[in-house]
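One-letter residues, chain by chain:
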Amino acid sequence: MEDTLQSLILTQYPTPIFAATEFVLAFLSLGPSPTFVPLVLLLTTLRIHGLRIAHRSTRILELICSWAAVTVGASLAHYSSATNALSSGPQSFAAVAVMSAITYVCAIVPFYLDICFNRGFQMIWAQLTFFPAVWAATWVAVSHISPVGRLLHWSPVSTSHPYGWLLPYTGPAGVDWVVAACAALSAEVVATWLMGSDKEEQPVHLSTASEAQSKRRSRNLLALATLLVAFTLPSFYVSLPTRTDTSFDVSPFGVACVLPPVRKGRQPTLSDFIAETKSLTPRAKVVLWPESAVVFSSQEEREATFETLRPNIQKSIIGVAFEESVPEDPSDPARSRMKRNGLALVHQGQKKGEEVIQYYKRNLVPFTESFSAVPSTAPPTMFTLELTHPTWISQSEWSSTPNHTRPIPITSSICLDFAFSSAFSSLDSRPGLILAPARTWDPTVGLAMWEQAKSRANEIGSMVLWCDGGATGVSGIGGGGISEIMQVGAGSWSRTISLQFPFDQRRTAYAVIGEIGVLVFLAAIMGGGLAATYLPALSGRRSVLEVVPLLRRLLRGRRREEENLIDVAVPGERQSLLH
């Protein structure tokens, strides 16, 4: 039965079996919120498929079939979010299909590089970890050119795997490395099974040297598996939220999200938002409005609105997310106008015109906003909230400073900006709270953006107040040991959170070294074999490989033809799938 199944996969019906498998796994794993296990299985299948067709004359046809299967599966996984994005459902679906097809092309690059360069490494460990390093580097590069950041990436959401603790140290690239490492390990196991264990059926009999090589490979596979299992251990430690019933080493304060009820036939008005805000300020020091909560046609109208709001907010700070009209050409105000989304911080101590414009949206939703709005280029800034003492503690016990307040650093970003891992790379210190107004159009998109917001907060060691004004949007608090959805759809809410006191503004390891530093670290894990091959000679024709013994051992000298099984033109389909 085992041989029959192997024969079906490799000999009789390889193309339809691989295409069907990739379609199903793409549908299960490449939705708005990709999940870990199906994604690992998809990468495993693609890696085995790539090794099988790499040196066959039918590789172009089979690659096209794979591309079509994965694209259709990924597009169907996004069907709900795509058809609700624009007024024309087919147009939205076509746009997602095109982006999914392009994403597949990006995803296939690491497989191609792995097939081309993997056998150039002498050390088996370098062979096993080359693909994970290239996979992580590819998605770092793609995230900087994609108009939707990491939303369509083949990267799992934090709640689907036990490796979320890596985010403050390696960012999303570390998780991508783990996904690819799991796929590389799985591909080795499955390829061994597909090739069979009977030596009589092998295309080339194993010599004593080959058997020793096989044992060394098994030991390296076991080491990689042990490392991946060890990486799951920190997830068993439960990180509890900071206590809110004390003030000696923490600073408790309330946060709130204003989501007025939607009445039939009309959207919430400014007066609705002010009324809801007034009811929340007694129990919340920070109150946030959702993205584009109010619309202003001029700066004067904006300042007049803020002046109306101030008498109703007591000692709280209000994050007013607004949409305003600005001239398309600043030098000619009479010409056509564009809109932009911003966030202003308003509090009672300000005078008219003194409100802090904290942030303008930098990344626009393709098609929906890209033609009607103007993006900002200014990075997030930091605002310090002077937190006053709670009613149950005296001023002197709360703080010994002259004004008896505790500083809380706050920053902000808006909706799609959270899909970019570099959203807060410009900050030179750690924020205590991130204000995140949003407005999504579909439950799957709302959950996907919620996951992105939590990831960004965990990467920089902060907390995010996510306030989604979409009809089915999710709102809540993420980071700092909290991952709590407080509301789905309309309905204002508040919650008490706490920050460490004194607050440690030192940045996380990932925030300090950035994506480039993480990639250098992942390359160091691999062993640096590829760099040793192509570095220029130090003197004459002597390369680094000849000078440094460690690097010389990483690469093969002149590989023997009898070991290069995948390149051997063996009749039939049972060529070696192993490197």
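The structure reproduced in this document is the subject of the present report. It should be emphasised that the depicted structure is a prediction, and the values quoted were computed from it without experimental measurement.

A few points about the pattern of salt bridges
- Counted by the stated rule, this structure contains 14 salt bridges.
- Note that E291 is salt-bridged to K361, the shortest N-O span being 3.0 Å. Remark: K361 occurs in the loop between β6 (356–360) and β7 (383–387) and E291 occurs in the loop between β2 (286–288) and β3 (294–296); sequence separation between them is 70 residues. The same class applies to E291 and to K361, which are both buried.
- For the salt bridge of E307 with R310, the shortest nitrogen-to-oxygen distance reads 2.8 Å.

Re the packing of helix α3 (residues 36–53) against helix α8 (residues 167–195)
- For the pair α3 and α8, the least separation of the axes is 8 Å and the interaxial angle reads 50 degrees. Between α3 and α8, the angle is such that the two are oblique. Considering only the axes of α3 and α8, their crossing is right-handed. Taking contact as the criterion, the partners of F36, L39, V40, L43, T44, R47 and I48 in α3 are, on α8, V178, V179, A180, C182, A183, A184, S186, A187, E188, V190, A191 and L194.
- For the contact of α3 with α8, the class distribution of residues is 15 nonpolar, two polar and two charged.

Observations regarding the packing of aromatic side chains
- Tallied over the entire structure, the rule returns 19 aromatic pairs.
- On the numbers, 6.2 Å between centres and 75 degrees between planes, the contact of W165 with F231 is edge-to-face. You can see W165 sitting in the loop between α7 (124–145) and α8 and its partner F231 sitting in the loop between α9 (208–230) and β1 (250–257), a full 66 residues away along the chain.
- Since its relative accessible area comes to 28%, W165 is described here as partly exposed.
- Aromatic side chains F296 and F322 sit 5.7 Å apart centroid to centroid with 40 degrees between the ring planes, which places their arrangement in the tilted category. One end of the pair, F296, is in strand β3; the other, F322, is in strand β4 (residues 317–327), with 26 residues separating them in the sequence.
- Taking the relative accessible area as the measure of exposure, F296 reaches 2% and is therefore buried.
- You can call F322 buried: its relative accessible area is 0%.
- Ring-pair connections join several aromatic residues into one group, and the members of that group are Y104, F111, F131, W135, W139 and W154.
- R340 extends its terminal NZ or CZ atom over the ring of Y360, reaching a point 3.9 Å from the ring centre.
- One cation-aromatic arrangement involves R406 over W398; the distance from NZ or CZ to the ring centre is 3.8 Å.

The rules behind the values
Along each chain, residue indices are assigned from 1 in the same order as the chain's sequence is written. Per-residue local features of the predicted model are confined to residues with pLDDT of at least 70, and side-chain atom pairs are confined, for both listing and counting, to 80 or more; whole-chain, interface and lining totals are unaffected and use all residues. Heavy atoms from the whole structure form the basis of all side-chain values; hydrogens and water molecules are not counted. Each reported salt bridge corresponds to a side-chain nitrogen of Lys or Arg within 4 Å of a carboxyl oxygen of Asp or Glu. Segments assigned H or I by DSSP are reported as helices when at least four residues long, segments assigned E as strands when at least two residues long, and all are numbered from the N terminus. Type-normalised accessible area, obtained with a 1.4 Å probe on protein chains alone, sets the label of each residue: buried when under 20%, exposed when over 50%, and partly exposed for intermediate values. Simply put, an axis is a line fit to the C-alpha atoms, just over the touching stretch for a helix, and the angle between two N-to-C directions goes from 0 to 180 degrees. Angular relationships are summarised with four words: roughly parallel below 35 degrees, roughly antiparallel beyond 145, roughly perpendicular across 65 to 115, and oblique for the angles in between. Left-handed describes a crossing whose near helix is turned anticlockwise from the far helix by less than a right angle; the clockwise case is right-handed. Pairs of residues are marked as contacts when any of their non-hydrogen atoms sit within 4.5 Å. Residue polarity is assigned by list, with Asp, Glu, Lys and Arg as charged and Ala, Val, Leu, Ile, Met, Phe, Trp, Tyr, Cys and Pro as nonpolar; anything else, Gly included, falls into the polar class. Pairs were defined over the aromatic rings of Phe, Tyr and Trp, the Trp ring being its six-membered one, requiring ring centres within 6.5 Å. Orientation was assigned from the angle between planes: stacked under 30 degrees, edge-to-face over 60, tilted for the rest. In our convention, an over-ring charge means Lys NZ or Arg CZ found within 6 Å of a ring centre and within 35 degrees of that ring's normal.

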